[in-house]
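Residues per chain, in single letters:
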Amino acid sequence: MIDRFSWMAIYPEIVLLAMACVITLVDLLDRGQRRMAAYWLSCLTLVVLVVLTAMYAMNGQTVYGFGGMVVSDVMANWLKCFSAVAVLVIFIYSRTYVTERGMLRGAEWYVLSLTSLLGVFIMCSANNFLLIFLGLECMALSAYALIALRRDHPVSIEAAMKYFVLSAMASGFLLYGLSMLYGATGTLDIGGVFKAVASGQIKHQVLVFGVVFLVSGMAFKFGAVPFHMWIPDVYQGAPTSVTLIIGSAPKLAAFAMAIRLLVEGLLPLAGDWQPMLAVLAVASLIIGNVAAIAQTNLKRMLAYSTISHMGFVLMGLLAGVVNGNAQLAANAYSSAMFYAVIYVLTNLVSFGIILLLAREGFEAEEITDLAGLNQRSPFYAGLMAICLFSLAGIPPLVGFQAKLSILQALISTQLPALIGLAVFAVIMALVGAFYYIRVVKVMYFDAPASTEPIRAPLDMRATLSVNGALLLVLGLVPGALMALCAQAIVQMLST
């Protein structure tokens, strides 16, 4: 552990910010050169970040910088690495889509995506209330602009306004909760908050009041019920490439924020925030799965699916505090991290297929738009089926392993309430399987509306193939990724 003013703790953020500024200057080039230069510079930046953060993570060292405000540990660096991979994949999937829809008037698409990723990076490494809020707003402000990037598309503008208003309210909740905790503990450092709360000298009612607002703000970022109102409208209204940005890396940032605040900062108050997470998880599983059944729009259906999946992540977080058992805590939190990573990986495939089927003047957003996909392309229909079965939790795909790890974490606590919660989650997963299998039925048994062949650039075909293959490979041999998540959590808990 290194505790000093260390630039090493923020090298990935420095690289990301510097390259975002360089890509901004690409606007000085003519239009054709600008598009290609922005794309390749962005991809190169993300490759460098993947390598850099992976090296930091494998080094296994915890580095504190700027007076302890920033922490670069194994968990933060792996989450940064996975986030950078996700955005890189999104850039590859979206290159044709954003060009056809006039979203490349300048380099805004790439710059805003990278600044949103910068906010994710800051949230992953934040060890201070102010930095958490700074990262959150950096990520959210970029997302507002990205959603409204299609300036001539009223639905996107409406989605951006809804997201802006509701996100501002959620940020207010979070900021008010953080201010209450600061007022009670007298410190903004997460480690200092832990020590102050553990001392038992602070009035409990004040702390609980702050925790309620803090959990409410975090629930919005997760998209948990009843703070889920924005997800269906924004997922449906935003350009599909932007929907994928919102539904990938920010979920990993939300997980990091929850771990930093609830586990590293407010663990002595676990008896107060655990019931809150349980209510959020149960409500998310019910509303997410039941509401998804009624959807005809594919993006909206996947939005409600997201809500239900975040319920599983919350169950992993609430299962981690049982009689001070460190082993159970590590298993539960690593299962939640594994689930979040797998959800992002699977989401990339589902929206990648939607981007693939979209063409100029046509958005493949309705479930009926996938009709007869198997007749047009058995390969892409197979990829989409693998993705949907993984989301449903059907073995041997990795979605099954993710759900199983959460259920094992709940059952291993041997608490009747959490075992009952595990049984309830299984029932809700069975309900959720219906709307995923319905889409598979449409792809394989309905007549196609068009017989036009599906064409995709080579880089997109290759990336989609690898992305889909990982869902099967990681389902058969999940041990390496599970061990990586476990190592990250154990190292985080030990510092």
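Below: a short report on this structure. (Residues numbered from 1 in each chain as written. Predicted model: local features only at pLDDT ≥ 70, side-chain atom pairs only at ≥ 80, totals over all residues. Heavy atoms only, no water.)

Here we look at the overall build of the protein chain
A count of helices and strands for the protein chain gives 20 helices and three strands. For the protein chain, the C-alpha atoms occupy an extent of roughly 70 × 55 × 40 Å along the three principal directions. Within the span of the protein chain, comprising 495 residues, buried residues form 60% of the whole. Considering only residue pairs separated by 6 or more positions, the protein chain has 80% of its internal contacts joining residues 24 or more positions apart. Element-wise, carbon and sulfur atoms account for 70% of the exposed surface of the protein chain, whose accessible area totals about 17,700 Å². In the protein chain, the 25 positive side-chain charges and the 22 negative ones have mean positions that sit 2 Å from each other. (Helix = DSSP H or I, 4+ residues; strand = E, 2+ residues; numbered from the N terminus. Buried < 20%, exposed > 50% of the residue type's maximum accessible area, 1.4 Å probe, protein only. Contact = heavy atoms within 4.5 Å. Areas by Shrake-Rupley, 256 points an atom, 1.4 Å probe, with all protein chains shown as cover. Lys, Arg positive; Asp, Glu negative; His and termini not counted. Charge placed at Lys NZ, Arg CZ, Asp CG, Glu CD.)

With respect to the side chain of S334
With respect to the helices and strands, the residue S334 is situated in helix α14 (residues 326-357). Of the polar contacts made by the side chain of S334, one reaches the backbone oxygen of A330; its length is 2.7 Å. (Polar contact = N/O pair within 3.5 Å; in protein donor to acceptor, adjacent residues only side chain to side chain.)

A look at the packing of aromatic side chains
For the structure on display, the rule yields 18 aromatic pairs. Plain terms: the ring middles of Y176 and F213 are 4.9 Å apart, the flat faces sit at 80° to each other, and that makes the pair edge-to-face. Of this pair, Y176 sits in helix α6 (residues 154-185) while F213 sits in helix α8 (residues 204-222), and the two are 37 residues apart along the sequence. The lysine or arginine in question, R95, covers the ring of Y39, its NZ or CZ lying 4.6 Å from the ring centre. For K403, the ring lying beneath its charged end belongs to F312, and the centroid distance is 5.1 Å. (Phe/Tyr/Trp six-rings, centres within 6.5 Å; stacked < 30°, edge-to-face > 60°. Lys NZ or Arg CZ within 6 Å of the ring centre and 35° of its normal.)

Here's the deal with the environment of Q414
Within the element layout of this structure, Q414 appears in the loop between α17 (398-412) and α18 (416-445). A C-alpha to C-alpha distance of 20 Å links Q414 and M276, two positions 138 residues apart in sequence.

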